[in-house]
Every structure is written in structure tokens, then in C-alpha cells.
Amino acid sequence: MAEALVRGLVQGGVVAAANIIASTPRSERLDELKASYAIVTTADNAEVARKAQILVLSVKPQILERVLREVSNHVMAGALVISVAAGVDTATIESLLPSGARVVRAMPNMPALVRAGATAISRGSHATDADLAEARLVFDAVGLTVVLDEGQLDAVTGLSGSGPAYIFLIIEALADAGVKVGLSRRNAQRLAAQTVMGSAKLLLDTDEHPGRLKDMVTSPGGTAIAGLHTLEEGGLRTTLMNAVETATKRARELGRGGK
Ligand SMILES: NC(=O)c1ccc[n+]([C@@H]2O[C@H](COP(=O)([O-])OP(=O)(O)OC[C@H]3O[C@@H](n4cnc5c(N)ncnc54)[C@H](OP(=O)(O)O)[C@@H]3O)[C@@H](O)[C@H]2O)c1
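The shown structure was predicted, so the numbers you read here are calculated from the model rather than taken from an experiment. (Residues numbered from 1 in each chain as written. Predicted model: local features only at pLDDT ≥ 70, side-chain atom pairs only at ≥ 80, totals over all residues.)

Draft legend 1. Representation of the pairing of strand S3 (residues 54–57) within the structure. Bridge count between S3 and strand S4 (residues 80–83): four bridges; the pairing is parallel. Along S4, the bridge assignment pairs Ile54 with Leu80. Each parallel crossover has a hand, and for S3 linked through helix H4 (residues 61–71) to S4 it is right-handed. (Pairing = 2+ DSSP bridges. Helix = DSSP H or I, 4+ residues; strand = E, 2+ residues; numbered from the N terminus. Right-handed = clockwise from strand over helix to strand, strands pointing away.)

As C-alpha cells, then:
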């Protein structure tokens, strides 16, 4: 996720590579990042904390506490701290940083890797409107950003955080279907993926209601309505709603330290 952000920020011209410093303990990884993006690197997390006006924490949730303890005394005065760690709330992060620390929590998703991510951000108790705007700039570099209350982040995890898995399954199923009706695997998969991407792009670009766009491609007695009838019979809407609800509950359980 950190690499996706670096790529988006550098390629989008949002931050000059020379102004990005990244740390991780593994020197080969640092060499890779330096070679790919010409950013500054160090094996010392505290050095990043001392130098960063915006400090992004992008380690696994299980080690976030350890990393926070390591950097806490070094965070630059007035820095904005952004965490992308799933399930770790801002109150916990704030409690491990000097008092008054300005924290923004983000829930991005995997398509951030191709700068088509969907990210929700929410503020901690000391973050200002300007901090949220700055955090938005970071995540806008890798896709679309929405701002919401932290209480809604589990729902975001259930919808857009876990969503790429649902969509990959749907694309795979559409590709299987294409093969069943006689297309090659490669053609079926490319057509299915492009159809998902194009439909989503059309909706986002026009801001139309999806039902209206569906009506526009559904002619009387035609093929699309025949297919839609079968999807309704199979309970596609209910299945997707149940999936998001179940994933949201699971995110809540994991956030409470469940297994
Ligand atoms: N991937 C997603 O789709 C996604 C979506 C939403 C939220 N997130 C959140 O993003 C965070 C990162 O996830 P990820 O998928 O990017 O995981 P990841 O690929 O495992 O990245 C974690 C990074 O942390 C580095 N690291 C390990 N120990 C460290 C330490 N002590 N100090 C500094 N860096 C250290 C690792 O370095 P090495 O490469 O050297 O091992 C690795 O680059 C997680 O908290 C996750 O919940 C991810």
C-alpha cells in the first residue's frame, strides 16, 4: 500500500520524489524503492518520523503498536500522522503518540496499485479540516477519496475494502460464462473486465443513477432484460447485500481483537 501511495504521489506530480522518505527494515526493499521512484530511503523509522511533515504508517496492524512506540518521541512537531492499518482506531493511535497528535485514519483498497483505488478517510480527535484536506490530497493521488466518520470505517471495509475480491469473483464468473457460450478464455476475461471497468467509469463520469444507466441499456424484449431476469431469479442483489453486511460484521469483530 505504501508503494502504491509513493507511485501515485510521484507519478501524479503531487510530491517530488526527493521530498518522500520511506523506511522498512529490509535493505533490498529499500534499494528497489529507490531504483523505481528515486525517493529517499532509510532503515530507521525514527529518521522518517523526524523528517516527515506527513507521516504515513503502512505496516501490518499487528506491528503498528510496536512501530508507533519506536517513532513516538521523534514525530516532528505539527506533523500529520496518517494510518492505513485496518482495524486500528484513531484513539489507539493517539494514545501511543504525544498528546495532541493529529491523526487521520484511512481505509484504501487494492486498486490503489493502479491509481484507481477507493479510500475513505476519517479524522482523529485533534485533526483539523486542513489535515483532512492534506490527507485527501495523498489518497486522491491513487484514486477516489471520501471523508466520513470513523464509526463508518467498518462498513467501508465491508464494501470497498473487501469489494475488489467480490468484483474479481464476478469477473471470473463472467469469463467462465463467456467460455461456456463459446468465447476463448482470454477474450472472455478481457471483455468481462473491460465491461466492469467501463460501466463503473460511465457511472462515475456521469454521476447518473445506476438504475437509469441500466434502463438505458435494456431494450424491450431484448437480451439485457433476459439476462437481468435470470440475475434477479438468482438473488444477486440480496447476495451482494448479505456479503457486504457479513464482511462489515467481520471487520467489527477483527477490530475488537477477534480471531
Ligand atoms: N493491501 C491492501 O489492499 C490494504 C487495504 C487497506 C488497508 N491496508 C493496510 O495497509 C497496511 C499495509 O498493508 P500491505 O498490504 O501494504 O502489507 P505489506 O505489503 O506486508 O506491507 C507492509 C510493509 O511494512 C514493512 N515493514 C515490516 N516491518 C516493518 C517495521 N518494523 N518498520 C517499518 N516497516 C516495516 C514491510 O516491509 P518489507 O517489505 O521489507 O517486508 C512492508 O513493506 C496494513 O495495515 C493493511 O491493513 C492494506
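Draft legend 2. Representation of the domain arrangement of the protein within the structure. The assigned domain composition of the protein is domain 1 (2–154) and domain 2 (163–255). Relative to domain 2, the C-alpha centre of domain 1 lies at a distance of 32 Å. The interface of domain 1 with domain 2 comprises five residues on the first partner and seven residues on the second. A per-class count over the side of domain 1 that touches domain 2 returns two nonpolar, two polar and one charged. (Domains from an automatic or database assignment. Contact = placed C-beta atoms within 7 Å. Nonpolar A, V, L, I, M, F, W, Y, C, P; charged D, E, K, R; others polar.)

Draft legend 3. Local environment of the sheet that holds strand S5 (residues 102–107). Taking strand neighbours across the sheet as the criterion, the five strands line up as S3-S4-S5-S6-S7 in an open arrangement whose pairing is mixed. A single partner strand is all that each edge strand has here, and the edge strands are S3 and strand S7 (143–147). Mean inter-strand twist for the sheet, computed between neighbouring axes without regard to direction, equals 25°. Here strand S6 (residues 117–123) pairs with S7 via five bridges, running parallel. Within S7, the position partnered with Gly117 by the bridge is Gly143. (Axes fitted to C-alpha atoms, helices over the stretch in contact; angles between N-to-C directions.)

Draft legend 4. Examining the site of the ligand more closely. The full set close to the ligand counts 21 residues, and Met1, Thr24, Arg26, Ala85 and Ala86 are the nearest of them. It is H4 that contributes the most residues to the shell around the ligand, three residues altogether. Looking at the shell around the ligand, its residues break down into twelve nonpolar, six polar and three charged. (Near = placed C-beta within 6 Å.)

Draft legend 5. Quick look at the packing of helix H8 (residues 163–180) against helix H9 (residues 185–206). Two numbers describe how H8 lies on H9: the axes approach to 8 Å, and their chain directions differ by 135°. Looking at the two axes, H8 sits oblique to H9. When you trace H8 past H9, the crossing you get is right-handed. Residues Ile167, Ile171, Leu174, Ala175, Gly178 and Val179 of H8 lie in contact with H9, whose contacting residues are Arg185, Ala188, Gln189, Leu191, Ala192, Ala193 and Val196. (Parallel < 35°, antiparallel > 145°, perpendicular 65-115°, else oblique. Left-handed = near helix turned anticlockwise from the far one by under 90°.)

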